[in-house]
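Working through the structure, step by step
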Amino acid sequence: MKENKIKWILPFLVFIIGTGILAGTVDHLKANAKKQNREMAGLNAMTYAERVKKDMTKGIGVTDTLKQILVSEHGKISRFSQVAENMMTNSIQSIQLAPEGIVTEIYPEKGNEAGKIDLIHDKDRGEVSRYARDNGVFTMQGPFELKQGGHGIAVRNPVYLENDDGEEVFWGFTIVIIRVPDIFADTVKALSDFGYDYRLSKNVSRREETYEVISRSKGKLTDPVSYVFEMAGDRWKLEVMPRQGWFGSRSLYLVSLGGLLIVVFLTGLTGALLVFDEHRRRFKRLAVTDALTGIYNRHGFDEKVEQYLKQHPEKPCVGVQFDIDDFKLINDMYGHASGNRALQILAQKMQQYFGEKAVVGRNGGDEFCIFLPDCTCGKVKHWLEEFTKSKRAFCYDGEEKEFHISLGYAEYPLQGDDYDHLMRCADAALYEVKLRGKNGCMVYQKGFHSEVRTRLGFALTDVSENLPGAFIIYRADKTEDEILFANREMIRLTGCQSMDELLEYTQSSFRNLIREDEQETVEHNIWEQIESGHRNDYVHFHLKKEDGSLLEVLDHGRIVENGRYGKVFYVLIVDYMSMRKHFNV
């Protein structure tokens, strides 16, 4: 009797334990499946939202092309119909010109005649049009019903021309009417084919948080993941969820079936874990973008560029390395949220400025990289200089805070014969910019070495910028001295605005900062002190400023041996009269 009880109790206990394990496992799998499916859905939402953005950008690009023609032709486009006809695609309803905000040209005109209106004073379009005109930004309005059927979005791009006084004057708008969802039909079809239901929405206006649906699938969305992005100042939102729901029925079926027998249950659990593990590995393979900025991460960038070089080993191309000047200071002063915003703004500017052919990536921290295929350093020099000098700012407590970058670039295969060598050369050029005062752009030259970081390092600039006085380094040569570095206080003391302006004013020579009648005496005193066995001591002279005025200064210098430049002078310069006044001398 006792043995029979044990015979029944043990199976019952196994059943109870097995049921508990099964219930716990099912709950765990549900949570894990939902988490992983939401992560995958979030990745796909971001990926396909960016594809939608690219699709729309193609339509928006029509207005930019017309704008460039108007600027180059001083506000006129000959044979507008022919030009517009060449730009038309299946997803564009019409292309328009609106000088002074009044639509006068429409292609095709047939069926679109009602579009010839005064946008600035129109009841429905006036506010948006005036905003675009006054702020110099292109705007989107819609969706609205088209008389020809379907819906459209109007993209208006303001155009400004220079008058005879060199002032920018509002010319009017270049306009394209885009049919939606036609323009991103391929993208949403791909999303649907991938097994997702979706809903794409756009904010009703810039002042409202409510959204109106642009396109959606037939399925019902329950607790979808969403990705919000901006385009032309408007907020767009893509919401997605798997068509089969957040829980995989196949996994649950296997686990439920495994409840009949412990062995089958364990087998089903192992199979489900293997499936999820495969999904996790697939997710990692797809994760080649930087989560903060949305551009390639280092792995994705390397993979993309190396693939290009392997396929086109003979084509010239340019590698670029750059970072944000004093990024640590931004984080320390304004917080990491502002630092992250600066990184995001910079990434957006990269994508907008360099276009689809360029490969843009983030190495990590505040370091970024760009790969420009099928071009030379000479062709992109002006392009990169403009990008470096362009204004960038993030908002902190309602105020715009500007930040700057330093950029170096090199050419393949002229300067770097493989990918690693190319990017090292670009990095060496970047560092040379740092040594010369930051906020600049420089091409790699023979003699630049990234390994000088360990000898001269960024610490030189950081320390020199915070010295309580003007600081300058120049080559110790009696006949051909050369200015190698000056901190901001030194640049300010001479009345210059930048390191480049200082080098141009002095022709890179320290002696040109000394009043002409004192040059020979000052140089004689310096070298006499050195040759007599003493390091350079205090020297008194008149500093010649960029505007021709003179400043009485005291020069305290030292000659040192530098591994890269040989003998150099490290010099501190102070205002002589201010010092005398302070010490009552």
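For clarity, every value in this text was computed on a predicted model and none was experimentally measured.

1. What about the overall build of the protein?
A tally of regular secondary structure across the protein gives 16 helices and 21 strands. By the burial criterion, 44% of the 585 residues in the protein qualify as buried. Surface exposure of the protein reaches about 32,300 Å², of which carbon and sulfur atoms provide 52%.

2. Here we look at helix 14 (residues 499–506)
Because an α-helix packs 3.6 residues into every turn, residues spaced three or four apart end up facing the same way. Burial in helix 14 covers these residues: Met 499, Leu 502, Leu 503 and Thr 506. All buried residues of helix 14 lie within an arc of 95 degrees about the axis, which places them on one face of the element. Along helix 14, exposed side chains directed more than 90 degrees from the buried face belong to Asp 500 and Glu 504. Looking at the buried positions of helix 14, the neighbouring elements they touch are strand 18 (483–486) and helix 13 (488–493).

3. Let's talk about the confidence of the model for the protein
For the protein, mean pLDDT is 83; residues scoring 70 or higher make up 85% of the total. For the stretch residues 451–459, pLDDT sits under 50, and the model shows 14 contacts to residues farther than four places along the chain or on other chains.

4. Looking at the pairing of strand 9 (residues 234–242)
Most of strand 9 sits inside the fold, with nine of its nine residues counted as buried. The side-chain alternation of strand 9 yields two buried faces, one formed by Asp 234, Trp 236, Leu 238, Val 240 and Pro 242 and the other by Arg 235, Lys 237, Glu 239 and Met 241. When strand 6 (residues 196–203) meets strand 9, the two strands line up antiparallel, connected through seven bridges. Opposite Asp 197, over in strand 9, you have Met 241 as the bridge partner. In the sheet, strand 8 (residues 225–231) pairs with strand 9 via seven bridges, with the strands oriented antiparallel. When the sheet's bridge partners are listed, Val 228 is paired in strand 9 with Lys 237.

5. Topic: unusual backbone geometry
Between Val 180 and the following residue, Pro 181, the backbone shows a cis peptide bond with an omega angle of 5 degrees. As for its position among the elements, Pro 181 is in the loop between strand 5 (168–180) and helix 4 (185–193). The residue after Tyr 412, namely Pro 413, is reached through a cis peptide bond having omega -5 degrees. Take Pro 413: it is sitting in the loop between strand 15 (405–412) and helix 11 (419–435). For His 74, which is not glycine, the phi dihedral falls at a positive 60 degrees. For His 74, the location among the structural elements is in the loop between helix 1 (2–72) and helix 2 (80–87).

6. What to know about the packing of helix 8 (residues 327–334) against helix 9 (residues 336–354)
Two elements in contact, helix 8 and helix 9, have axes whose closest approach is 6 Å; the angle formed by their N-to-C orientations is 135 degrees. As judged from the angle between their axes, helix 8 and helix 9 are oblique. Seen from helix 8, the contacting residues are Phe 327, Ile 330, Asn 331 and Tyr 334; seen from helix 9, they are His 336, Ser 338, Gly 339 and Leu 343. Here the contact of helix 8 with helix 9 is built from residues that sort into four nonpolar, four polar and no charged.

7. Observations regarding the nonpolar core
The biggest cluster of nonpolar side chains holds 46 residues, and the ones touching the most others in it are Met 56, Ile 95, Met 140, Phe 184, Trp 236, Leu 238 and Val 240. Broken down by element, the residue count for this core peaks at 11 residues, all from helix 1.

8. Points about the sheet that holds strand 3 (residues 139–145)
One key point about sheets: their strands pair by backbone hydrogen bonds, in either a parallel or an antiparallel sense. The five strands lie next to each other as 2-1-5-4-3, forming an open sheet whose pairing is antiparallel. Looking along the sheet, the strands with just one partner apiece sit at the ends: strand 2 (105–107) and strand 3. Pairs of neighbouring strands in the sheet enclose a mean axial angle of 20 degrees, with direction left out of account. Bridge count between strand 1 (residues 92–99) and strand 5: seven bridges; the pairing is antiparallel. The partner of Gln 96 across the bridge, within strand 5, is Ile 175.

9. A word on the sheet that holds strand 18
Across the sheet, which stays open at both edges, the five strands sit in the order 18-17-21-20-19 with antiparallel pairing between neighbours. The open sheet has two edge strands, strand 18 and strand 19 (538–544), and neither has a second partner. When strand polarity is set aside, the average angle formed by the axes of neighbouring strands in this sheet is 30 degrees. The pairing of strand 17 (residues 470–475) with strand 21 (residues 566–575) spans six bridges and is classified as antiparallel. Bridge assignment links Ile 472 to a residue of strand 21, and that residue is Val 571. The sheet strands contacting helix 15 (residues 519–531) are strand 17, strand 19, strand 20 (550–562) and strand 21, and the helix crosses strand 19 at an angle near 155 degrees.

Conventions we followed
Residues numbered from 1 in each chain as written. Predicted model: local features only at pLDDT ≥ 70, side-chain atom pairs only at ≥ 80, totals over all residues. Heavy atoms only, no water. Helix = DSSP H or I, 4+ residues; strand = E, 2+ residues; numbered from the N terminus. Buried < 20%, exposed > 50% of the residue type's maximum accessible area, 1.4 Å probe, protein only. Areas by Shrake-Rupley, 256 points an atom, 1.4 Å probe, with all protein chains shown as cover. Arc of directions from axis to C-beta. Contact = heavy atoms within 4.5 Å. pLDDT = per-residue confidence, 0-100. Pairing = 2+ DSSP bridges. Axes fitted to C-alpha atoms, helices over the stretch in contact; angles between N-to-C directions. Parallel < 35°, antiparallel > 145°, perpendicular 65-115°, else oblique. Nonpolar A, V, L, I, M, F, W, Y, C, P; charged D, E, K, R; others polar. Core = buried A, V, L, I, M, F, W, Y, C linked by side-chain atoms within 4.5 Å.

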